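Secondary and tertiary structure notes
Letter by letter, the chains look like this.
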Amino acid sequence: MLRVSHVMAASIVSLASFGVADAGIVTYLDDVSVWSDAAGSTTIVDFVPSDGVPQVVSGLFYKDLGITLSWKWSNAPKDWYLNVSPFAMDGFQGHLAYYPSDVQSAINFDSPIQAFAMDKFVATTATVQFYLSGSLIESSSISVPGLGSLHFFGWKTDFQFDRVVLSSGPQGVADNIYFSTIPAPGGAVLIGLAGLFGGSR
């Protein structure tokens, strides 16, 4: 099942007041609404199969949302497993399929973005690596106080990235993922044409 949410910021938010800034990145722990305000329009993928049955899906399964499921070692699409989990908010989580547990999952974005988040069961720390055009831009970790449990982890950057590697926990498992909404192919062209014709009266 896919859930697409377009959450627009109602007011200007001072990121430093609500998040933790680190080298061009503001992090958010367990504060979905504040992250959403900072991120603007976002898309959510919950990894719940439409028939409710655990299954392996192609790396291109969510291509219509502007993302490709991948892994740490290349940008190529890789099969992911939509798997039942007692530690997931809605009973399902997504992660790389058919690989050793120490190989992390990755997500590629069709267009550069500046906001990413996930729900994840973590015992200590959640880490994400941000890439642009194949180069590592930055890595950021969010520590969890107390015993392991399900948390919301959000990142808002002042730089663009088109790939994230989930570098914490076996296989980079994630419950739900959230990211800046990526325009559908041709959307920018249509907007450009509208502006062209609108200004040619």
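The following refers to the structure shown. (Residues numbered from 1 in each chain as written. Predicted model: local features only at pLDDT ≥ 70, side-chain atom pairs only at ≥ 80, totals over all residues. Heavy atoms only, no water.)

Considering the overall build of the protein
The secondary structure content of the protein amounts to three helices and 13 strands. In the protein, which comprises 201 residues, the share counted as buried stands at 45%. Taking all contacts inside the protein whose residues are at least 6 apart in sequence as the whole, residues at least 24 apart take part in 74%. Working note: accessible area of the protein is about 9700 Å², and carbon and sulfur atoms make up 60% of it. (Helix = DSSP H or I, 4+ residues; strand = E, 2+ residues; numbered from the N terminus. Buried < 20%, exposed > 50% of the residue type's maximum accessible area, 1.4 Å probe, protein only. Contact = heavy atoms within 4.5 Å. Areas by Shrake-Rupley, 256 points an atom, 1.4 Å probe, with all protein chains shown as cover.)

Remarks on the pattern of salt bridges
Across all of its chains, the model carries one salt bridge by this definition. Salt-bridge contacts for Lys 63 lead to Asp 110; the nearest nitrogen and oxygen are separated by 3.1 Å. Of the two residues, Lys 63 is situated in the loop between strand 5 (55-57) and strand 6 (67-71) and Asp 110 in strand 9 (residues 105-122); the sequence distance between them amounts to 47 residues. By relative accessible area, Lys 63 is classed as partly exposed at 38%. What makes Asp 110 partly exposed here is its relative accessible area of 41%. (Salt bridge = Lys/Arg side-chain N within 4 Å of Asp/Glu carboxyl O.)

Some points on the packing of aromatic side chains
Aromatic ring pairs: the centre-centre distance and the angle between the two ring planes describe each pair. If you walk through the whole model with that rule in mind, you get 14 aromatic pairs. Ring plane angle 70 degrees and centroid distance 6.0 Å describe the contact between Trp 35 and Tyr 178, whose orientation is recorded as edge-to-face. In this pair, Trp 35 sits in helix 2 (residues 32-39) while Tyr 178 sits in strand 13 (residues 176-180), placing the two residues 143 residues apart along the sequence. An identical accessibility class is assigned to Trp 35 and Tyr 178; each is buried. (Phe/Tyr/Trp six-rings, centres within 6.5 Å; stacked < 30°, edge-to-face > 60°.)

Observations concerning the side chain of Asp 119
Turning to its location among the elements, Asp 119 is positioned in strand 9. The buried category is assigned to Asp 119, whose relative accessible area is 2%. Polar contacts involving the side chain of Asp 119 include one to the side chain of Asn 176, which spans 2.8 Å. Reaching out from Asp 119, the side chain makes a polar contact with the side chain of Tyr 178 at a distance of 2.5 Å. Look past the residues within four positions of Asp 119 in its chain and what remains in contact with it is Met 89, Leu 150, His 151, Phe 152, Ala 174, Asp 175, Asn 176 and Tyr 178. (Polar contact = N/O pair within 3.5 Å; in protein donor to acceptor, adjacent residues only side chain to side chain.)

A closer look at the environment of Lys 156
Mapped onto the fold, Lys 156 is located in strand 12 (residues 149-166). For Lys 156, a relative accessible area of 16% corresponds to the buried category. Along the chain, Lys 156 and Phe 116 lie 40 residues apart, while their C-alpha atoms are 6.7 Å from each other.

Description of the nonpolar core
Grouped together as the largest cluster of nonpolar side chains are 34 residues, with contacts concentrated most on Ile 67, Phe 109, Phe 116, Ile 177 and Phe 179. Those elements that place two or more of their residues in this core are strand 6, strand 7 (80-84), strand 9, strand 10 (125-132), strand 12 and strand 13. Among the nonpolar cores identified, the runner-up in size contains 11 residues, and Val 26, Tyr 28, Ile 44 and Tyr 178 belong to it. (Core = buried A, V, L, I, M, F, W, Y, C linked by side-chain atoms within 4.5 Å.)

Section: the sheet that holds strand 7
Judged by pairing direction, the sheet is antiparallel, and its three strands sit side by side in the order 5-7-8 without closing on themselves. Across the chains shown, the open sheet's two edge strands, defined by having one partner strand only, are strand 5 and strand 8 (92-96). For this sheet, the mean angle separating the axes of adjacent strands, direction not counted, is 25 degrees. (Pairing = 2+ DSSP bridges. Axes fitted to C-alpha atoms, helices over the stretch in contact; angles between N-to-C directions.)

Digging into the pairing of strand 11 (residues 135-143)
The sheet contact formed by strand 10 and strand 11 spans eight bridges and is antiparallel. For Gln 129, the partnering residue across the bridge sits in strand 11 and is Ser 139. The turn joining strand 10 and strand 11, which pair antiparallel and follow one another in sequence, is formed by two residues; a positive phi near 50 degrees is taken by Ser 133.

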